[in-house]
Amino acid sequence: MRASFVTVCGDGEYIIYTSLAWRNKSFGAGVGFAWATDSNTYAVREAGPKVKVFRNFKERPGLLRISYTTDGIYGGTLLGVKGMGFVVFYDWETGAIVRRIDVEARNVYWSGTGNLVAIAGEDSFYVLRFDRDAYNAYLDNGGEVDDEGVEEAFELEADIAEVVQTGKWIGDCFVYTNGANRLNYLVGGQTHTITHFDSYVPSTCFGSSRN
């Protein structure tokens, strides 16, 4: 899949460019930016608790109701909003809380299939499996959703005591660099080392949408 747009963030602003002609498509104030799984929907984090969601470059006002101070946002299958010591996942379409995960996250990585997510913490990382059918079934049966979300929405797949510096999903395999400058991969709950690096591998983040 080719990237349709590229986002550049800095100095309290964001700019969205078309990836081929590098034309300015949209811009605004923001200290954080996250794409959904397509090029039509994205979120912008402003100072304090405010997070705006856009579709087709038009704001969807009032979609998210956030009462806590935010410290970051993450794109993917669900919109992740970081608070102090937790991450809350929201449904892009409805703005409803899917699940709150109590972890001090450094980054969040969704798989391309959209059902696996790696949450990188301060001294370990967790892989969770998202079950949308279980979440929808809970709602269809009249279940109430509080600030914790729906417990059945996620299932823990792995808890690995390593620091993730950079990460990328390839299918259901999570490839990452760790704090010891090793390139590892996780599959089936087991980690394996691919190679060792002689020096520190810097963290690099690229933001783009796909269609």
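Everything numeric in this text was worked out from a predicted model, so none of it was measured.

Student: So what about the side chain of Thr166? Which residues, and what values?
Tutor: Within the element layout of this structure, Thr166 appears in strand 16 (residues 164-170). Residue Thr166 is classed as buried on the basis of its relative accessible area of 18%. Among the polar contacts made by the side chain of Thr166, one reaches the side chain of Thr177 at a distance of 2.6 Å.

Student: Before we move on, can you summarise the pairing of strand 18 (residues 182-187) with the specific residues and values?
Tutor: Here four bridges tie strand 17 (residues 173-178) to strand 18, and the two strands are oriented antiparallel to one another. Each residue of the ladder has a partner; that of Val175, found in strand 18, is Tyr185. Counting the residues between successive antiparallel strands, the hairpin from strand 17 to strand 18 contains three residues, one of them, Asn181, with a positive phi of roughly 60°. Following strand 18, the chain reverses through two residues before pairing antiparallel with strand 19 (residues 190-196); Gly188 in that reversal takes a positive phi of roughly 65°.

Student: Account for the packing of aromatic side chains, with residues named and values stated.
Tutor: For the coordinates displayed, the defined rule picks out 21 aromatic pairs. Relative to Tyr42, the ring of Trp35 has its centre 5.4 Å away and its plane inclined at 70°; by these criteria the two rings are edge-to-face. Given a relative accessible area of 7%, Trp35 falls into the buried group. Take Tyr42: its relative accessible area is 0%, and that puts it in the buried class. The interplanar angle of 45° and the centroid separation of 6.4 Å between the aromatic rings of Trp110 and Phe154 together place this pair among those described as tilted.

Student: Residue-level account of the nonpolar core, with values.
Tutor: Within soluble globular proteins, side chains that are nonpolar tend to cluster in buried spots. Among the nonpolar cores identified, the biggest contains 18 residues, and Phe89, Val98, Trp110, Ile119 and Phe154 are the most heavily contacted of them. Looking at this core, the elements that each hand over two or more residues are strand 10 (86-90), strand 11 (97-101), strand 12 (107-110), strand 13 (116-120) and strand 14 (125-130). By size, the runner-up hydrophobic cluster in this structure holds 17 residues, among which are Ala34, Val51, Leu64 and Leu79.

Student: Let's hear about the side chain of Arg99: which residues, and what values?
Tutor: Along the chain, Arg99 turns up in strand 11. For the buried Arg99, no salt bridge is present, and the opposite-charge side chain at shortest range is Glu148, 4.2 Å distant. There is a polar contact of 2.7 Å between the side chain of Arg99 and the backbone oxygen of Glu148.

Student: Outline the sheet that holds strand 13, supporting the account with residue identities and numerical values.
Tutor: Taken together, four strands build an open sheet; the order of strands is 12-13-14-15 and the sheet is antiparallel. In the strand order of this sheet, the two ends are held by strand 12 and strand 15 (154-160), each with one partner. The mean inter-strand angle of the sheet, taken between neighbouring strand axes irrespective of direction, is 20°. Note: strand 13 against strand 14, five bridges, orientation antiparallel. Pairing of Leu116 across the sheet is with Arg129, part of strand 14.

Student: Which residues make up unusual backbone geometry, and what values go with them?
Tutor: With a phi angle near 55°, Asp11 is a residue other than glycine that sits in the positive phi range. Here Asp11 lies in the loop between strand 1 (3-10) and strand 2 (13-18). In this structure, Asn56 is a non-glycine residue whose phi angle is positive, near 50°. We classify Asn56 as partly exposed; its relative accessible area is 47%.

So, how was this worked out
Every residue gets a number counted from 1 within its own chain, in the order that chain's sequence is written. Given that the model is predicted, a residue must reach a pLDDT of at least 70 before its local features are reported, and side-chain atom pairs must reach 80 or more before they are shown or counted; all residues, however, enter totals for whole chains, interfaces and linings. Side-chain metrics rest on all non-hydrogen atoms present in the structure, leaving aside hydrogens and water. The helix count covers DSSP runs of H or I at least four residues long, the strand count covers runs of E at least two residues long, and both are numbered beginning at the N terminus. Throughout this description, buried means an accessible area under 20% of the type-specific maximum (1.4 Å probe, protein chains only), exposed means over 50%, and partly exposed covers the range between. N or O atoms closer than or at 3.5 Å make up a polar contact, with two conditions inside protein: a donor-capable atom paired with an acceptor-capable one, and, for residues adjacent in sequence, both atoms drawn from side chains. Whether two strands pair depends on DSSP finding at least two bridges between them. In summary, the pairing rule links any two rings of Phe, Tyr or Trp, Trp by its six-membered ring, whose centres are within 6.5 Å, and it sorts them by plane angle into stacked for under 30 degrees, edge-to-face for over 60 and tilted for everything else. Residue types Ala, Val, Leu, Ile, Met, Phe, Trp, Tyr and Cys, when buried and joined through side-chain atoms within 4.5 Å, form a set referred to as a nonpolar core. Only four residue types enter the charge count, namely Lys and Arg as positive and Asp and Glu as negative; His and the chain termini do not. The working definition used for a salt bridge is a side-chain nitrogen of Lys or Arg within 4 Å of a carboxyl oxygen of Asp or Glu. To define axes, lines are fitted to C-alpha atoms, for helices over the stretch in contact only, and angles between the resulting N-to-C directions are given on a 0 to 180 degree scale.

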